Amino acid sequence: MTRLSVNLNKVALLRNARAGEAPSVIDAARTCIAAGAHGITLHPRPDERHAKPGDVYAVAALLERTPNVELNVEGNPFHGLLEVVRRARPKQCTLVPDDAAAKTSDHGWDLARHGERLAPMVAELRAAGVRVSLFMDAANGDLDAAAALGADRVELYTEPYAAAHGGAGSGAMLARFAAAAERARSLGLGVNAGHDLSLANVGELCAIPAGIDEVSIGHALIADALELGLGGAVRAYLGCISTRTRH
């Protein structure tokens, strides 16, 4: 079954809009765990506009008491991420090639360009017992390079899938992601997915034959929480993905 990791960056973003600690990232993590989330994701960026290193360390300490719930720390390793990861020791680290000033992640790794620089970082993380996932486009041909680099998983960048969903090109786009997942499996890679996934589209993606190990969802889930409550939103997403099993 696909696991759900809840990205709490938007909770931190709201907190940072005012002085103080409300809403609390730690309290949000507790609510997600109580509702059945399998993981918590945080993406600390250099400008600390949402999740901060302190949030990562606090959630890491919380999850030490809940070993069945994983911490996934994501971000660009060229922008100081590894310093945070070395201290937090998350179960998973997702390496993302986002620019420091980017509003959000918007593309996967070009491993022909960055693979040599990434290789020792991937090796260090794996030696420390941290599962390594590389944020990848579904059609850029770099999945073989990701496997050769020593990654444990890839996270497929799903914004193109989400943008096409429900339109004329929806079937072809889903087939592209299904083929990418199949190729990743054939290379021994686990398959995660994330970006712009929502209640409207996540179930269909999780039903592809190769299966999806984990979806990381933040923006849409926090938006849904305004109507459903945070626990209710988590349960709604779990309901979507729990009915979808690998064929």
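Residues numbered from 1 in each chain as written. Predicted model: local features only at pLDDT ≥ 70, side-chain atom pairs only at ≥ 80, totals over all residues. Heavy atoms only, no water.

Examining the environment of cysteine 206
Filter applied, for reference: Starting at the N terminus, helices and strands are each numbered in turn, a helix being any DSSP run of H or I of at least four residues and a strand any DSSP run of E of at least two. Relative accessibility decides the category of a residue: with a 1.4 Å probe and only protein chains considered, values under 20% of the type maximum give buried, values over 50% give exposed, and everything between is partly exposed.
Mapping cysteine 206 onto the fold places it in helix H9 (residues 202–206). For cysteine 206, a relative accessible area of 1% translates into the label buried.

Some points on empty space enclosed by the protein
So the rule is basically this: A cavity here means a set of points on a 1 Å grid, drawn over the protein atoms and nothing else, where a 1.4 Å probe fits but cannot get out; a pocket is an open set with protein on both sides within 12 Å along at least five of seven lines, and a residue lines either one if it has an atom within 4 Å of a point. Grid points are joined across faces, edges and corners, and a volume is the space filled by probe spheres set on the points. Residue type decides the class: Asp, Glu, Lys and Arg count as charged, Ala, Val, Leu, Ile, Met, Phe, Trp, Tyr, Cys and Pro as nonpolar, and the leftover types, Gly among them, as polar.
Under the criterion given, the structure shown has one cavity of 30 Å³ or more. What the largest cavity holds in volume is close to 60 Å³. Around the largest cavity sit 12 residues that line it, and Pro44, Pro46, Asn76, His79 and Asp98 are the ones nearest its centre. Here the residues of the lining of the largest cavity sort into four nonpolar, five polar and three charged.

Regarding helix H8 (residues 170–186)
For clarity, the threshold we go by: One less than the residue count of a helix, multiplied by 1.5 Å, gives the span that helix is expected to have. This arc describes the spread of directions from the helix axis toward the C-beta atoms. Residue contacts are defined here by distance: any two heavy atoms, one from each residue, within 4.5 Å place the two residues in contact.
For H8, built from 17 residues, the straight-helix expectation of 24 Å at 1.5 Å per residue is met to within 8% by its first-to-last C-alpha distance of 24 Å. For H8, the complete set of buried residues consists of Ser170, Met173, Leu174, Phe177, Ala178, Ala180, Ala181 and Ala184. Mapping the buried residues of H8 onto a view down its axis gives an arc of 160°, with all of them on the same face. Among the exposed residues of H8, those pointing more than 90 degrees away from its buried face are Gly171, Ala172 and Ser186. Looking at the buried positions of H8, the neighbouring elements they touch are helix H6 (143–149), strand S6 (153–157), helix H7 (159–164), strand S7 (190–194) and H9. Downstream of H8 by a residue or two, glycine 188 has a phi angle that is positive, lying close to 85°.

Description of the side chain of asparagine 201
Mapped onto the elements, asparagine 201 comes out in the loop between S7 and H9. If near-sequence neighbours (up to four positions away) are discounted, asparagine 201 is found in contact with Tyr161, Ala162, His165 and Asp196.

Digging into the side chain of asparagine 76
The line we're drawing: In the analysis that follows, any N or O atom pair within 3.5 Å is treated as a polar contact, provided that within protein one partner can donate a hydrogen and the other can accept it, and provided that, for residues neighboring in sequence, both atoms belong to side chains.
Position of asparagine 76 among the secondary structure elements: in the loop between strand S3 (70–75) and helix H4 (81–88). The exposure class assigned to asparagine 76 is buried, which follows from its relative accessible area of 9%. Here the side chain of asparagine 76 touches phenylalanine 78 through a polar contact of 2.8 Å, landing on its backbone nitrogen. Setting aside its immediate chain neighbours within four residues, asparagine 76 contacts Leu81, Val96, Pro97, Asp98 and Trp109.

Notes on the packing of aromatic side chains
The relation between two aromatic rings is expressed through the spacing of the ring centres and the mutual angle of the planes. Short version of the rule: Two rings from Phe, Tyr or Trp (for Trp, the six-membered ring) form a pair when their centres sit within 6.5 Å of each other. Planes less than 30 degrees apart are called stacked, planes more than 60 degrees apart edge-to-face, and all others tilted.
Throughout the structure, instances matching the rule amount to three aromatic pairs. Judged by centre distance (5.4 Å) and plane angle (55°), the rings of phenylalanine 135 and tyrosine 157 are tilted. Of this pair, phenylalanine 135 sits in strand S5 (residues 131–136) while tyrosine 157 sits in strand S6, and the two are 22 residues apart along the sequence. Assigned by exposure class, phenylalanine 135 and tyrosine 157 land together as buried.

Some words on helix H5 (residues 111–127)
Threshold: Each residue is assigned a bend, namely the angle between axes fitted to the seven residues that terminate at it and the seven residues that start at it.
If you check H5, its first and last C-alpha atoms are just 21 Å apart, much less than what 17 residues at 1.5 Å a residue would give, namely 24 Å. Along H5, the helix axis deviates most sharply at arginine 117, where the bend reaches about 50°; the proline proline 120 sits within four residues downstream. When H5 is considered as a whole, its buried residues turn out to be Leu111, His114, Gly115, Leu118, Met121, Val122 and Leu125. Looking at the buried residues of H5, the elements they touch are H4, strand S4 (92–95), S5 and H6.

A word on the pairing of S4
Threshold: Two strands are said to pair when DSSP picks up at least two bridges between them. By definition, the crossover connecting two strands over a helix is right-handed if that path, from the first strand to the second, turns clockwise as seen with the strands pointing away from the viewer.
By the alternation rule, side chains of S4 split into Gln92 and Thr94 and Cys93 and Leu95, which are all buried. Pairing geometry for S3 and S4, over four bridges, is parallel. Counted as the bridge partner of asparagine 72 is glutamine 92 from S4. With H4 bridging S3 and the parallel S4, this β-α-β connection has right-handed handedness.

Details of the sheet that holds S7
The condition that has to hold: All axes are obtained by fitting lines to C-alpha atoms, using only the stretch in contact for helices, and the reported angles, taken between N-to-C directions, cover 0 to 180 degrees.
One closed barrel holds the eight strands; their spatial order is S1-S2-S3-S4-S5-S6-S7-S8, and the pairing between them is parallel. Here the average twist between neighbouring strands, direction ignored, is 25°. Where strand S1 (residues 3–7) meets strand S8 (residues 214–217), four bridges bridge the pair, whose relative direction is parallel. Residue pairing in the sheet places serine 5 in a bridge with serine 216 of S8. Contacts between helix H11 (residues 230–242) and the sheet are confined to S1 and S8, with S1 contributing the most and set at about 150° to the helix.

The quantities given are spatial measurements derived from coordinates; they are silent on function.
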